[in-house]
Every structure is written in structure tokens, then in C-alpha cells.
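# Geometric and topological summary
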Amino acid sequence: MYRIIFLLLVFPVLAQAQINQIGLNGQKQGLWQKKQANGSLLYEGHFKDGKPVGEWKRYHQGGQLKALMFYSGDTAQTQIFDIWRKKVAEGVFVNQKKEGLWKIFKENRVVADEEYKLGVKSGVSHKYYETGELMEEKQWLDNKEDGDYQVFYKNGQPYMQCKMKQGLRHGLFLVNFDSGAHETTGAYQNGLRHGEWKYYNKEGGLLYTLFYDNGQILNPAVRDSVDNLIMKQLEQNKGAIPDPEKYMEDPSEYMIKNKIRF
């Protein structure tokens, strides 16, 4: 009887002694855990000679699983979850920095993906419609948009195409109808409209032309006349149609709000 009581008292102490250990070489070894201020676990996993190995888990404040990681050398295959235990992202960490392709999820479907190098966004990113079709494709360099940027209709035709340079629009800019015909053609220079901008109807007829010099419009009378016409059209529709000009920085958001389903 006394032996049983002794074991019951000693066993928790022995078990606790196996956690958060420093080996003879001064490096972390075995199972490690850290708790939050509320007493619930923050993370738990194993070390070998000071490096994480195998399965690691991190937790939200409420105790729900936040991240599940599998370490192999300096690489950690990672899944990230929200407080409702739904996966929101998956990808790879190398030396604790994002590397390669990362996928973003919503309701168990991929809504976006992006590429990383040494922890910064570099490569190509994508956004997808709820039904899976490609909505947006963008090139990145060192966390800045750099290269081709395209937004697509659901039928695969490009809606908007432009060039980016260090986070600014620089070069050719096109907006197309879902048929593929041009709606707007122009160019940017270091983020400012520059040169000749032409606007067309669906039949390909030229509606009007605006001229810019480093963002400064050179024929404002034409623009004002067009703006007045657009305002009348919006008033007739009681604001039901979003103004595309307000979404120039995020055309994919315009497509979502306008519920384009071509």
C-alpha cells in the first residue's frame, strides 16, 4: 500500500522532470512545452541537440490548435488553423522563414497562393474565384509587386493587364471587355498616368482620348465632360453599379463587388 502511494506521489515529479531538459552539451533535449499566461499550452514539441525535430504544435489562447509543424532538419512542413480549427494556410518554413509556395484556404478550399524566398514574397501569387477559376496573377520581388499583373474574368479572358515596378505601375496598362476587346489602353510612369489613354465601346469604336504628363491631365475639359456623363448614368442606376475608378488599386475587389460571373 505504501509503495503504491509512493509511486503516485513520485510519478508526476518524474514525468515533469522529463520536460524542458538541457543536455550535458548545454542544448535543449527531448520534450519541451511552454504555457501561456492563462495556463494553457502555447507550444509543445521535441528538441534534439538544440534543434526542433518531428511534430510540433502551437496553440491559440483558448487552447485550439493554431499550427501543426513537422520538422526535418531546418525545414518545417506547416499547417495553420483558425480558432474554429479550420485550415487557413499551409507551406514550408526553412530556418523559421517562409520558403516556396504557400497556400491560403477559406472553408477548406484554396482561395490564394503565393511564393516566398528567404521569408519575403518573391515569385508569383494568385487569387481564385469561389468556383476555382483564376481571378488574379501577380509577380513579386522582395515583397513588392514587380512584373506582370493580370486580373481575369471567370471565362479566362483578361480583364486588366499592367506592368509593375517596385510596387508602382510602370508601363502598359489595359482594361478589356469579357469578349477580349480593349475597353481602355494607356500607360503609367512610376505610378502616374502618362501619355495617351484611349477608351473604347464594346464594338471597338473609340469613345474619347485623354492625354497625361506624369499624372497631370492635359485635356481636362474632355475628362470633365465624360465624368458628368458617368455621374448621370450612376444616378440613373442609383449607385447600383460600382465605379471602376475607385478600384484601380485592387481590380479583383471590384470584380467581386460587381459579382462578375462571365
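Up top is the structure.
### Quick word on the overall build of the protein
- Within the protein, the secondary structure is distributed over three helices and 20 strands.
- A burial count over the protein gives 31% of its 262 residues as buried.
- Within the protein, counting contacts between residues at least 6 apart in sequence, those at least 24 apart form 10% of the total.

### What to know about the side chain of serine 40
- In this fold, serine 40 is placed in the loop between β2 (28–35) and β3 (41–48).
- In this structure, serine 40 is in contact with Lys35 and Gln61, ignoring residues within four places of it in sequence.

### Brief notes about the pairing of strand β16 (residues 182–189)
- Relative to β16, strand β15 (residues 168–176) is paired through six bridges, and the arrangement is antiparallel. Across the sheet, residue valine 175 finds its bridge partner in β16, namely threonine 184.
- Hairpin geometry of β15 and β16 is characterised by an intervening segment of five residues between the two adjacent antiparallel strands and by a positive phi of about 105° at glycine 180.
- Direction of pairing for β16 relative to strand β18 (residues 195–200): antiparallel, over a ladder of two bridges. Looking at the pairing, threonine 184 lines up with tyrosine 199 of β18.

### Points about the packing of aromatic side chains
- Going through the model one piece at a time under the given rule, you end up with eleven aromatic pairs.
- Seen in terms of ring centroids, phenylalanine 173 and tyrosine 188 are 5.5 Å apart; in terms of plane orientation they differ by 75°. Their pairing is edge-to-face. Of the two residues, phenylalanine 173 sits in strand β15 while tyrosine 188 sits in strand β16, which places them 15 residues apart along the sequence. Each member of the pair phenylalanine 173 and tyrosine 188 is classed as buried.
- Here tryptophan 197 and tyrosine 212 contribute two aromatic rings whose centre-to-centre distance is 6.1 Å and whose plane-to-plane angle is 70°, an arrangement assigned as edge-to-face. Residue tryptophan 197 is located in strand β18, and its partner tyrosine 212 is located in strand β19 (residues 206–213); the two are separated by 15 residues in the primary sequence. Neither tryptophan 197 nor tyrosine 212 differs from the other in exposure class; each is buried.
- Put simply, the rings of Trp32, Tyr43, Phe47, Trp56 and Tyr71 pair up and form one aromatic cluster.
- When the ring centre of tryptophan 32 is taken as reference, the NZ or CZ atom of lysine 28 above it lies at 4.6 Å.
- Geometry around tryptophan 140 places lysine 121 over its ring, the cationic atom sitting 4.2 Å from the centre.

### Digging into the pattern of salt bridges
- Across all of its chains, the model carries ten salt bridges by this definition.
- Its salt-bridge partner being lysine 86, residue glutamate 107 comes within 3.1 Å of it at the nearest N-O pair. Remark: lysine 86 occurs in the loop between β6 (75–81) and β7 (87–94) and glutamate 107 occurs in the loop between β8 (97–106) and β9 (109–117); sequence separation between them is 21 residues.
- For glutamate 107, a relative accessible area of 52% gives the class exposed.

Reading the values: rules and limits
- Residues numbered from 1 in each chain as written.
- Predicted model: local features only at pLDDT ≥ 70, side-chain atom pairs only at ≥ 80, totals over all residues.
- Heavy atoms only, no water.
- Helix = DSSP H or I, 4+ residues; strand = E, 2+ residues; numbered from the N terminus.
- Buried < 20%, exposed > 50% of the residue type's maximum accessible area, 1.4 Å probe, protein only.
- Contact = heavy atoms within 4.5 Å.
- Pairing = 2+ DSSP bridges.
- Phe/Tyr/Trp six-rings, centres within 6.5 Å; stacked < 30°, edge-to-face > 60°.
- Lys NZ or Arg CZ within 6 Å of the ring centre and 35° of its normal.
- Salt bridge = Lys/Arg side-chain N within 4 Å of Asp/Glu carboxyl O.

The values reported here are purely geometric and, on their own, carry no functional implication.
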